[in-house]
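Residue strings, one per chain:
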Amino acid sequence: MNGNATFKHHNVALLSVNSVLAPEVVSSAEFDERLAPSLKRLRLSKKLLERVSGVKERRWWSDGVEFDDAAILAGKKALNQAGVDASQIGLLINTSVTRRNLEPSVASKVHNGLGLPSSAMNFDVANACLGFVNGMSLAANMIDSGQIKYALIVAGEDSKPTQETTFQRLNAETSTRDDYMREFATLTLGSGAAAAVIGPADAHPDAHRILGGVSRAGTEHHELCVGGPSGMYTDTKGLLDNGLELVVNAWNEAHQSGWNWKSMDRYVTHQVSKSYTNAIIKAVGLVKDRVPITFSKWGNVGPASLPMTLSQEADSLKKGDRVLCMGVGSGLNTAMMEIAW
């Protein structure tokens, strides 16, 4: 591998990470009821969704609440928590998968809603569920280079419209078992928002140092998980097998390059499902009780999933704890990032 596989940051810190939970709790049992006609016709168990995925419930936004409004709210909370004024932000990166238009960027509305200065660059980084970690890495590089001082990374996701469309399609008389399994992952999605502020470590000695990490691409597998406004279609076994191979390769690359992640205090992973989480824990030998689980109550919230989980864990972390953020996104791509709390 070349030098792009691993990276280190020299003067970057995480000043805050915050989240906004969508208010409506929707259980997998409710999803089963919505799909009862097709489940009966196809002779599928009503409890299959929860049993296989481990997702007991997920959240939806209330009517009238937009995903980018939630991203704005998360951004305001993160700025307030960091003690950084909006006027100081030099870069805003939106990493949401959800979008209502191809253009303009979601970041443009968030930039305006937060009252960021005209001098603050703003754009979207779209890389499926890995987007938030990619956004942090990109912003960290710009801080290290001296181009900006503070950056805000946001993500807001809304699974409801896609899931409503999926219900209609799967309840059609022409739907098959194969259709259900290909669209199974869509039923595990959830809604939520997250935001993080990062800045120069030397100006914030008590903040959490972003040390660096490793990334790898397996883009020969870009057709294993394809999502759009109408639904997400997944080769579940292919995604799991090849995703695990990519994670193991990245893990080994990191350790060959001098990282040591075999005994971290917390492993904050992108939350997909029970089978994916357990497989990753086993594949690289993570300490299971140091891997917080949120997919069971939030579902897979796309790129907002990892920072939402990190936000939940923040109060239980103490100074000096070592945290590894681990994500895999459709494409396939993976990245791991170490934070010294």
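Criteria and thresholds
- Residues numbered from 1 in each chain as written.
- Predicted model: local features only at pLDDT ≥ 70, side-chain atom pairs only at ≥ 80, totals over all residues.
- Heavy atoms only, no water.
- Helix = DSSP H or I, 4+ residues; strand = E, 2+ residues; numbered from the N terminus.
- Rg over C-alpha atoms; globule rule 2.2 N^0.38 Å.
- Buried < 20%, exposed > 50% of the residue type's maximum accessible area, 1.4 Å probe, protein only.
- Contact = heavy atoms within 4.5 Å.
- Areas by Shrake-Rupley, 256 points an atom, 1.4 Å probe, with all protein chains shown as cover.
- Lys, Arg positive; Asp, Glu negative; His and termini not counted.
- Charge placed at Lys NZ, Arg CZ, Asp CG, Glu CD.
- Core = buried A, V, L, I, M, F, W, Y, C linked by side-chain atoms within 4.5 Å.
- Salt bridge = Lys/Arg side-chain N within 4 Å of Asp/Glu carboxyl O.

Undergrad: I tried to follow the overall build of the chain on my own but got confused; where do I start?
TA: Helix and strand content of the chain: twelve helices and 14 strands. Over its C-alpha atoms the chain spans a radius of gyration of 19 Å, differing by no more than 12% from the 20 Å that the globule rule assigns to 341 residues. By principal-axis analysis of the C-alpha atoms, the chain measures approximately 60 × 45 × 35 Å. Split into buried and exposed, the 341 residues of the chain put 57% on the buried side. A separation threshold of at least 6 residues defines the contact pool for the chain, and within that pool the share at least 24 residues apart is 80%. As presented, the chain carries roughly 14400 Å² of accessible surface, and 50% of it is formed by carbon and sulfur atoms. Seen as two clouds, the 34 positive and the 35 negative side-chain charges of the chain have centres 6 Å apart.

Undergrad: In this structure, what is going on with the nonpolar core? I would like to understand it.
TA: Generally speaking, nonpolar side chains in soluble globular proteins are found buried as a group. Grouped together as the largest cluster of nonpolar side chains are 37 residues, with contacts concentrated most on Leu14, Ile198 and Leu310. At the level of secondary structure, the elements contributing two or more residues to this core comprise strand 2 (12-21), strand 5 (89-94), helix 6 (131-145), strand 7 (150-157), strand 8 (192-200), helix 12 (305-313), strand 13 (322-329) and strand 14 (333-340). Formed by 31 residues, the second largest nonpolar core is a distinct cluster that contains Ala13, Val84, Val110 and Ala193.

Undergrad: Any chance you could explain the environment of lysine 282 here in plain terms?
TA: As for its placement among the helices and strands, lysine 282 is situated in helix 10 (residues 274-284). What makes lysine 282 exposed here is its relative accessible area of 74%. As for lysine 282 and alanine 217, which are separated by 65 residues in sequence, their C-alpha atoms are 21 Å apart.

Undergrad: Mind showing me how you'd approach helix 10 here?
TA: An α-helical turn contains 3.6 residues, so a residue and the one three or four places further along point in the same direction. Taken together, the buried positions of helix 10 are occupied by Tyr276, Thr277, Ala279, Ile280, Ile281 and Val284. Among the structural elements, helix 9 (236-256), helix 11 (295-298) and strand 13 are those in contact with the buried residues of helix 10.

Undergrad: Even after reading the chapter, I still don't get the pattern of salt bridges, so can you show me in this structure?
TA: Where side chains of opposite charge bring their charged atoms close, a pairing between them can arise. Applying the stated criterion to the full structure yields 16 salt bridges. Where glutamate 173 meets arginine 41, a salt bridge forms, and the shortest distance between an N and an O atom there is 3.9 Å. Here glutamate 173 is found in the loop between helix 7 (160-170) and helix 8 (177-182), whereas its partner arginine 41 is found in helix 2 (residues 36-42), with 132 residues between them in sequence. Ionic pairing is found between arginine 266 and glutamate 313, a salt bridge with its closest N-O pair at 2.5 Å.

Undergrad: Mind showing me how you'd approach the side chain of serine 159 here?
TA: Secondary-structure assignment places serine 159 in the loop between strand 7 and helix 7. Taking the relative accessible area as the measure of exposure, serine 159 reaches 5% and is therefore buried. Setting aside its immediate chain neighbours within four residues, serine 159 contacts Arg59, Trp60, Leu189, Gly190 and Ser191.

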